[in-house]
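# Observations on chain architecture
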Amino acid sequence: MNNNFDARAEALIEKALGLLSRKTQLNTFWQQIAYNFYPQRAYFTRLDPFPYGRDFASNLTTSFPILVASEYANAISSYLRPSGQQWFEIDVAYRNKDTDLDNESKKWLEWATQVQYNFIQDRESGFSMAVDQGDADFAVFGQSAISIEIDWKKKNILHRCWNLRDLAWTQGANGIIDFVVREWRTTVNNAYQFFGDKLCANTLRRKGKEGDSELIIHHIVLRTEDFYELFSTAETTKRDIKQPFVSLYLEVGEKHTIEQVGSPTIIYFIPRDQVVSGSQYAYSRAVVAALPDARLLQSITLSLLEAGEKTVNPPIITFENSVRDDISLAANTLNYLAYNEGQRIDDVVKVMNLDKSGLQYGLTMQESIRAGQKDAFMLNKLQLPVFDREMTATEVRRRYQDWIRNAAPFVDRLQIEYNQVLCKMQFETLKYVGAFGPVDYMPEELRQDLARGNVAFKFKNPLLEAKEEEKMQKFIEMTGLIANNAAIDPDLTFLPNLDLALRDVFDGSNIPAKWLNDEGKVEVMKQQKQQAAQAQQLLSNLAAGGVAAQEIGKGAQSIQQAGLV
């Protein structure tokens, strides 16, 4: 390995270490958030991932913040990836699928969608586990990190969710992440199983007796143009990596490059919630609003527990030396007093009277804060509307519209920042390894778009289904209005473009493209029907005009030979 290449590795490691060290305070902040909303993830400031025992969640007096955070994560999952259905479909960006693509292209996109769906639904792809963990991180910390790679041994796509503690990244002027580092603390033996003889010679000598010693490896992914711009000497002008990104595994201590390969994607899918200017790291909008009340709720709950305990076991007042030291207040116990003649027990031992009026006020405040927690996590807005049997159709529709209006901003943002990027990275990774077959198999009008990466995705979720149902309802209302008024003015039937409108409704209702004829074929069938009607009219006119049956037969034979019927 030449010196220039080692120097480039050293520069990358130095940059990575700088990014990771500047995250120390952020990791501490995430630790505090985890203590309140996600205690099982509370190991940002230590390496031990199993903080179980007496101290686990010992700072909490109520689990309510944990429950609302978990419910919020489940809502994200249900809106992004509804269970029991194929929740996405491949589309082409910058083009209208309904009007710009023929039926053959639509069929190919439907086939490619099924291929991608089959890959990620395979249990060994790790998709379900990774996105489940990623949803929870996104809900609580405002971002998550999921790697999307190819498992060459099992010939499948592989998803893994990583602890945010171990990652750092930068973003370009366009706000898109362009450099990612993940720190991997492992052992020499584990690293050898993964990389074999690619490890540094000094590291290879540590195998065996020193095999359990720690080894720090950095996985760095950056843009190819940035990689080659690190050193622009004559020896490095040759650019043998043709992919848009470079993936490197580096031994930190030895400043040694273990592996360097091209990648079609940045590998790490990092959806972010709210990013403020001046920072590449995001916040969870829900947690920012809920954190102060979560801390207050713990304090109020502790006060209520103490007040309840005093109510059940109130303090006792007695004279000194009148009660034995070993008195027990537990149930079914017998205690002895020092008795003096003429003295009553009530004179010696009294239960302190407490003012319990504040207890109800505390409970009311607790319920108010719990409601605020639900509002912070938008659970009231995301929950599907409840309908009463006595509600009219207008009332049902109005409630649906209110729900769509409240939930749409949240869901639309998630679709763009989460689902769209996730599915596109999966598609590009699968395309890179030939999962969709040779380019020649693609319909001609799709090749150029997909080669340029102009792929987009359409999604299915309860909100979009409600919108499509509303679109279908509008179509029914339109056709009903025209049918009711066509008797007055028959020309009203020319107003709607029924072919376009009905195809749009079919597309929104997820009618498979293979069920429908191509637009061109439909047009040919319309022309044939029109020509047949004209031919039939011509024959009727000839018969009405007294033309001989023999001549009409010759005319009909000529029409058939001409292909009119």
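Bear in mind the structure is a predicted one, so any value in this text is a computation, not a measurement.

Reading the values: the criteria
Residues numbered from 1 in each chain as written. Predicted model: local features only at pLDDT ≥ 70, side-chain atom pairs only at ≥ 80, totals over all residues. Heavy atoms only, no water. Helix = DSSP H or I, 4+ residues; strand = E, 2+ residues; numbered from the N terminus. Contact = heavy atoms within 4.5 Å. Axes fitted to C-alpha atoms, helices over the stretch in contact; angles between N-to-C directions. Parallel < 35°, antiparallel > 145°, perpendicular 65-115°, else oblique. Left-handed = near helix turned anticlockwise from the far one by under 90°. Expected span 1.5 Å × (residues − 1). Buried < 20%, exposed > 50% of the residue type's maximum accessible area, 1.4 Å probe, protein only. Polar contact = N/O pair within 3.5 Å; in protein donor to acceptor, adjacent residues only side chain to side chain. Patch = residues over 30% accessible without salt bridge, like charges linked within 9 Å, V, L, I, M, F, W, Y side chains within 5 Å. Areas by Shrake-Rupley, 256 points an atom, 1.4 Å probe, with all protein chains shown as cover. Salt bridge = Lys/Arg side-chain N within 4 Å of Asp/Glu carboxyl O. Pairing = 2+ DSSP bridges. Core = buried A, V, L, I, M, F, W, Y, C linked by side-chain atoms within 4.5 Å. Phe/Tyr/Trp six-rings, centres within 6.5 Å; stacked < 30°, edge-to-face > 60°. pLDDT = per-residue confidence, 0-100. Arc of directions from axis to C-beta.

To continue, consider the environment of Met425. Following the sequence through the fold, Met425 ends up in helix H14 (residues 393-432). Between the C-alpha atoms of Met425 and Ile267, which are 158 residues apart in sequence, the distance is 7.7 Å. Ignoring any residue separated from it by four or fewer positions in sequence, one finds Met425 in contact with Ile148, Thr265, Ile266, Ile267, Tyr268 and Phe269.

This paragraph deals with the packing of helix H3 (residues 64-80) against helix H6 (residues 127-141). Interhelical geometry of H3 versus H6 gives an angle of 120° and a closest axis separation of 9 Å. Between H3 and H6, the crossing angle belongs to the class labelled oblique. In this structure, the crossing between H3 and H6 has a hand that is right-handed. In contact with Ala69, Tyr72, Ala73, Ile76 and Ser77 of H3, H6 contributes Asp135, Ala136, Phe138, Ala139 and Val140.

For helix H5 (residues 103-121), with 19 residues, the first-to-last C-alpha span of 27 Å sits near the 27 Å given by 1.5 Å per residue. Considered for burial, the residues of H5 that qualify are Asn103, Ser105, Lys106, Trp108, Leu109, Ala112, Thr113, Val115, Gln116, Tyr117 and Ile120. Capping the start of H5, Asp102 holds a side-chain oxygen 3.3 Å from the backbone nitrogen of Glu104, two or three residues further along.

Looking now at a nonpolar patch on the surface. Among the surface-exposed residues, Phe29, Val276, Tyr283 and Val288 lie close enough to one another that they form a single nonpolar patch of about 310 Å² accessible area. For Tyr283, the position within the fold is in strand S11 (residues 282-283).

A separate point is the pattern of salt bridges. If you walk through the whole model with that rule in mind, you get 14 salt bridges. The network of salt bridges with shared partners includes Glu183, Arg185 and Glu214.

The next thing to look at is the pairing of strand S1 (residues 88-92). Where a strand is regular, its side chains alternate between the two sheet faces. For S1, a buried count of five out of five residues is recorded, marking the element as mostly surrounded by other parts of the structure. Residues Phe88, Ile90 and Val92 of S1 are buried on one face, and the alternating residues Glu89 and Asp91, pointing to the opposite face, are buried as well. Bridge count for S1 against strand S14 (residues 455-459) is five bridges, and the pairing is antiparallel. Its bridge partner lying in S14, Phe88 is registered against Phe459.

Phe37, Tyr72, Phe141 and Phe377 are the most contacted members of the largest nonpolar core, which has 108 residues in total. Ranked by residue count, the leading element in this core is H14, at 12 residues. Residue contacts for Phe377: discarding those within four places in its chain leaves Phe37, Val68, Ala69, Tyr72, Ala139, Ala286, Val287, Ala290 and Leu382.

Right, let's get into the packing of aromatic side chains. Here the structure, examined in full by the defined rule, presents 27 aromatic pairs. Seen in terms of ring centroids, Phe227 and Tyr228 are 5.2 Å apart; in terms of plane orientation they differ by 70°. Their pairing is edge-to-face. Tyr228 matches Phe227 in its accessibility class, with the two residues each being buried. Each ring, one from Phe427 and one from Phe457, has its centre 6.4 Å from the other, and the planes form 75°; the classification is edge-to-face. With Phe427 in helix H14 and Phe457 in strand S14, this residue pair connects regions lying 30 residues apart in the sequence.

Attention shifts here to the confidence of the model for the protein chain. For the protein chain, per-residue confidence averages 82 on the pLDDT scale, and 78% of positions sit at 70 or higher. Within the protein chain, no element has a lower average pLDDT than helix H19 (residues 549-561), which sits at 54, and none a higher one than strand S9 (residues 268-269), at 98.

It is worth spelling out helix H15 (residues 444-451) at this point. Here H15 has its buried residues at Leu446, Asp449 and Leu450. Each buried residue of H15 sits inside an arc of 90° when the element is viewed along its axis, so together they form one side. Opposite the buried face of H15, by more than 90 degrees, sit the exposed residues Glu444 and Ala451. Among the residues trailing H15, Gly453 stands out with phi positive, at a value near 80°.

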